[in-house]
Structures are given as structure tokens and as C-alpha cells.
Amino acid sequence: MNAIDKPVLQDDISLGFLLDTLAGASDQPLVFYYDGRPVRPGYHVTEVKAGQFSALDCGANPEAWSEIFVQLWDIEEVDRNHMTAGKFSAIIRKVSEHVNIDGSAKLTFEVSDGIRPMQLYCASTPVLRNGALHVELAARPASCKPRDRWLAEENRKTASCCGPSAAAGACCP
């Protein structure tokens, strides 16, 4: 698969969704995974940023969105465990006392071990497993928004035409 054929990320969650999920497991360790491995137990949330963006995409379409950036510093600290879901939520609550946070905003994680450059990730739905809440972070690739919209429309057409309720062979290749 090349960059042109890459799938559009479907499991990107908002900060509000993440916090709602964490509320039901506040005493559980919160473990983020990126690049095929978990963050180390001493990780820190070093910064939370909220931004309002206006842009023009490559098809000359105006774009506007809100985005929340959560920066994770992936370090090892002696005698530390992964922070709990409740502690992570408390950090976000503290930030929200000073920064206007839109719970429905696009959520982006910035992760670095302090040596490698920060990388951007989106989060998938948290999963409770083995006594911890696991959140997979997927690299946030660049994309062409007009192409992504076109692909989404083509996929909708194919699904409605070739779905279970469509007449057999009516329009499917």
C-alpha cells in the first residue's frame, strides 16, 4: 500500500470521549502505546494546548477546526508506575481551569522520549485489559483532504450499492 492508497483514520477519538471512558476506570493505570511499544512507567504529561485553526487545503477549500494537543514525555523514572486514568483526567481538568478546552476537538498526542523529535499521533478507543487501560496511538500522517472526502464519498456509494439491501449485482464490480 502506498501513501495514495492509505486508509483514512477511522478510530480517531476526541478528548471528551477519552475523558468519558477514563471516568469509568479512574484507578486503573493508563498506558499509551506508540511505535509498537508502551510508554515507560515514568511518563509525564508535559503540556496541553488548545488551538483554533483556519486553513486553505490543497483544493482551495477553506478549513476550520479545534484541536487539543497532549504532549507526553516518555521517560523512565525509578520507582514509578504508569499514571492512573484519574490522574491523567485531573491534569486535563487543571488545564481546563486556565485554557478553554473543547471536548469535541480533534485530539493529537505529541510524544517524545526527550532524545528523538516529537511525533504526532491520534488515539484510538481505550481498552481495559490485564488491569490497565490501554490506548493505542497511531502516527498521524499527512493527507489530501479533497482526496479523502472523495474517497469517503466513493466508499459510501459502494456500500449503498453493494450492501446487503442492494439488488444482487446491480452495480457492484
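1. Regarding unusual backbone geometry
Thought 1: In this model, Asp35 sits at a positive phi of 50°, which is unusual for a non-glycine residue.
Thought 2: On the secondary structure map, Asp35 appears in the loop between strand E1 (30-34) and strand E2 (37-38).
Thought 3: The phi dihedral of Asp79 falls on the positive side, at around 55°, and the residue is not glycine.
Thought 4: Within the element layout of this structure, Asp79 appears in the loop between strand E4 (62-73) and helix H2 (85-96).

2. Brief notes about the packing of helix H1 (residues 15-23) against H2
Thought 1: For the pair H1 and H2, the least separation of the axes is 9 Å and the interaxial angle reads 140°. Considering the angle they form, H1 stands oblique to H2. In the packing of H1 onto H2, the handedness of the crossing is left-handed. Contact residues: Leu15, Leu18, Leu19 and Leu22 in H1; Ala85, Phe88, Ser89 and Ile92 in H2.
Thought 2: Tallied by class, the residues present in the contact of H1 with H2 amount to 7 nonpolar, 1 polar and no charged.

3. Re the pairing of E1
Thought 1: Counting buried positions along E1 gives 5 out of 5 residues, so the element sits mostly inside the fold.
Thought 2: Side chains of E1 alternate between two faces, with Leu30, Phe32 and Tyr34 and Val31 and Tyr33 buried alike.
Thought 3: Across 4 bridges, the pairing between E1 and strand E8 (residues 132-139) is parallel. In the sheet register, Phe32 faces E8, and the bridge partner there is Val135.
Thought 4: By the bridge criterion, 2 bridges tie E1 to E2 in an arrangement that is antiparallel.

4. Quick notes on H1
Thought 1: Residues Leu15, Gly16, Leu18 and Leu22 constitute the buried set of H1. Angular distribution of buried residues about the axis of H1 spans 160°; they occupy a single face of the element.
Thought 2: The inward-facing, buried residues of H1 abut E1, E4, H2, strand E5 (106-112) and E8.

5. Some thoughts on empty space enclosed by the protein
Where empty space is left becomes clear once a probe the size of a water molecule has been rolled over the atoms.
Thought 1: Evaluated as defined, the whole model comprises 1 cavity of 30 Å³ or more.
Thought 2: Looking at the largest cavity, its volume works out to about 30 Å³.
Thought 3: If you go around the largest cavity, the residues you meet are Ala50, Gly51, Gln52, Ser66, Glu67, Ile68, Asn100, Asp102 and Ala105.
Thought 4: When the residues that make up the lining of the largest cavity are grouped by side-chain class, the tally is 3 nonpolar, 4 polar and 2 charged.

6. Digging into the pairing of E5
Thought 1: The element E5 is extensively covered by neighbouring structure, given that 6 of its 7 residues are classed as buried.
Thought 2: Of the strand pairs in this sheet, E4 and E5 are connected by 7 bridges, and their pairing is parallel. Each bridged residue has a counterpart across the sheet, and for Val70 the counterpart in E5 is Phe109.
Thought 3: Regarding topology, H2 serves as the crossover connection from E4 to the parallel E5, and that connection is right-handed.
Thought 4: Where E5 and strand E6 (residues 119-123) come together, 3 bridges link them in antiparallel fashion. Each bridged residue has a counterpart across the sheet, and for Glu110 the counterpart in E6 is Leu120.
Thought 5: What sits between the antiparallel neighbours E5 and E6 is a turn of 6 residues, in which Gly114 has the positive phi angle 90°.

Thresholds, definitions, all that
Residues numbered from 1 in each chain as written. Predicted model: local features only at pLDDT ≥ 70, side-chain atom pairs only at ≥ 80, totals over all residues. Heavy atoms only, no water. Helix = DSSP H or I, 4+ residues; strand = E, 2+ residues; numbered from the N terminus. Axes fitted to C-alpha atoms, helices over the stretch in contact; angles between N-to-C directions. Parallel < 35°, antiparallel > 145°, perpendicular 65-115°, else oblique. Left-handed = near helix turned anticlockwise from the far one by under 90°. Contact = heavy atoms within 4.5 Å. Nonpolar A, V, L, I, M, F, W, Y, C, P; charged D, E, K, R; others polar. Buried < 20%, exposed > 50% of the residue type's maximum accessible area, 1.4 Å probe, protein only. Pairing = 2+ DSSP bridges. Arc of directions from axis to C-beta. 1 Å grid on protein atoms, 1.4 Å probe; cavity = no way out; pocket = protein on both sides within 12 Å on 5 of 7 lines; lining within 4 Å. Points joined across faces, edges and corners; volume = space filled by probe spheres on them. Right-handed = clockwise from strand over helix to strand, strands pointing away.

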